Amino acid sequence: MKIQTKIGYLLIILGVCANGLLLYPRLESVQKSRVLGSATPELLRGGSAKQSLWYPTKVSEPDTNGVGASAFLVFDKETSNVLIEKNTDTQVAIASLTKLMTALLALENLNLQEPITITPEDIIDVKPMVGFVPGELYQGQDLLMAMLIGSCNDAAEALGNRIALAKGMKVEDAMNAKAVELGMVNSHFMNAIGFDEVGNYSTAGDLRLLVKAILSHGVTELIGRSTNFRLSSLAGRTTSIKSTNRLLKSHGDISTIKTGATPEAKGAMITQVNIDGHIICIIVLQSEDREADTLLLKGAVANSFHWQVSN
């Protein structure tokens, strides 16, 4: 073989090897990119991606002159920042807002996917109510829905009785222990329903803590903007439950958390409101017109606050 030919083969072999060495890093890079996918620069540097928070900023003084409620509080759901407040530490009767504590204890202590047998002790003949018959079987989650959407008193009583069994104590003792745990220092509970009774009271500030706890369980995602709920026993008997929140049908940006009304508590309401994609919670207590007061507070926030992003 001529020397020129041997040199030519050698150059070809060296060229192939060189190309392989140059190509290997590119292949390794492609493989890494496939594994990492769309990882952010922070993750590639070994850090963690920060989630941006939108903070409410006051641009003008909120106008609450028309709000008739004796106590109210509005807070931003994402940051928990209080936006508007009045008499937030004043202890007042809270009517069926009490059922939020019952709901929280039910979520934490009961298996709501299991059926509950209605007993004579669960029967409460005070509207709103389901109208139970002893011996009926209901899913626990359905009783929770009936209590939160329609404020059904007998559903609250049934859940309260099961909480008492699960905790091995009176339901009001379990409620008060949970209040202490949440830091609700100005609250006290005497029943699972919210009936007017000496010793059953809370404040707007304390209810903010309770709302935050109940929202952490995804309750608003569960009940959403439901204006009614069809409750069915496991035997097939159905009851139509209507929402006690009258704002849902006419205001698409409002979703319910809980309403309440008794002679002592007057009107009470806690709602969740979407303002330009930002969620606020409005607590209204001791109101002659809870719906009107809620809308006034919603407007006050919309006119006086804007949100800005911060990392």
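The rules behind the values
- Residues numbered from 1 in each chain as written.
- Predicted model: local features only at pLDDT ≥ 70, side-chain atom pairs only at ≥ 80, totals over all residues.
- Heavy atoms only, no water.
- Helix = DSSP H or I, 4+ residues; strand = E, 2+ residues; numbered from the N terminus.
- Buried < 20%, exposed > 50% of the residue type's maximum accessible area, 1.4 Å probe, protein only.
- Contact = heavy atoms within 4.5 Å.
- 1 Å grid on protein atoms, 1.4 Å probe; cavity = no way out; pocket = protein on both sides within 12 Å on 5 of 7 lines; lining within 4 Å.
- Points joined across faces, edges and corners; volume = space filled by probe spheres on them.
- Nonpolar A, V, L, I, M, F, W, Y, C, P; charged D, E, K, R; others polar.
- Pairing = 2+ DSSP bridges.
- Axes fitted to C-alpha atoms, helices over the stretch in contact; angles between N-to-C directions.
- Phe/Tyr/Trp six-rings, centres within 6.5 Å; stacked < 30°, edge-to-face > 60°.
- Lys NZ or Arg CZ within 6 Å of the ring centre and 35° of its normal.
- Parallel < 35°, antiparallel > 145°, perpendicular 65-115°, else oblique.
- Left-handed = near helix turned anticlockwise from the far one by under 90°.

To continue, consider the overall build of the chain. The helix and strand inventory of the chain stands at nine helices and eleven strands. Burial statistics for the chain: of 311 residues in total, 45% are counted as buried. Put simply, of all contacts in the chain between residues at least 6 apart along the chain, 64% involve residues at least 24 apart.

Counted as a void, the largest pocket has a volume near 260 Å³. S96, P128, S151, G260 and A261 are the residues nearest the centre of the largest pocket, which is lined by 18 residues in total. It is strand β8 (residues 254-262) that provides the largest number of residues to the lining of the largest pocket, a total of four residues. Here the lining of the largest pocket is built from residues that sort into five nonpolar, nine polar and four charged.

Moving on, we get to the sheet that holds strand β10 (residues 278-287). Overall, antiparallel pairing links the five strands, which are arranged β3-β2-β10-β9-β8 in an open sheet. Single-partner strands in this sheet number two, and they are β3 (82-86) and β8. Within this sheet the neighbouring strands show an average axis-to-axis angle of 5 degrees, counted without direction. Judged from the eight bridges that link them, strand β9 (residues 266-275) and β10 form a sheet pairing that is antiparallel. Residue V273 lies in a different strand from β10, and its bridge partner there is I280.

Here the focus is the packing of aromatic side chains. What describes a pair of aromatic rings is the distance from one ring centre to the other and the angle between the planes of the rings. Scanning the entire structure with this criterion turns up one aromatic pair. Above the face of the F75 ring, R208 is positioned so that its terminal group lies 5.7 Å from the ring centre.

Turning to the environment of D89, a few remarks are in order. Residue placement: D89 occurs in the loop between β3 and α3 (99-109). Each C-alpha atom, one on D89 and one on T203, is 5.4 Å from the other, the two residues being 114 residues apart in sequence. Discounting residues that sit within four places of it in the chain, D89 has contacts with N186 and T203.

At a minimum axis separation of 9 Å, α3 and helix α5 (residues 153-167) run at an interaxial angle of 45 degrees. One finds that α3 runs oblique with respect to α5. As for the relative orientation of α3 and α5, their crossing is left-handed in sense. Along its contact with α3, which presents K99, T102, L105, A106 and N109, the element α5 presents N153, A156, L159, G160, I163, A166 and K167. Across the contact of α3 with α5, the residue classes break down as six nonpolar, four polar and two charged.

Without other data, these values stay purely geometric and don't point to any function.
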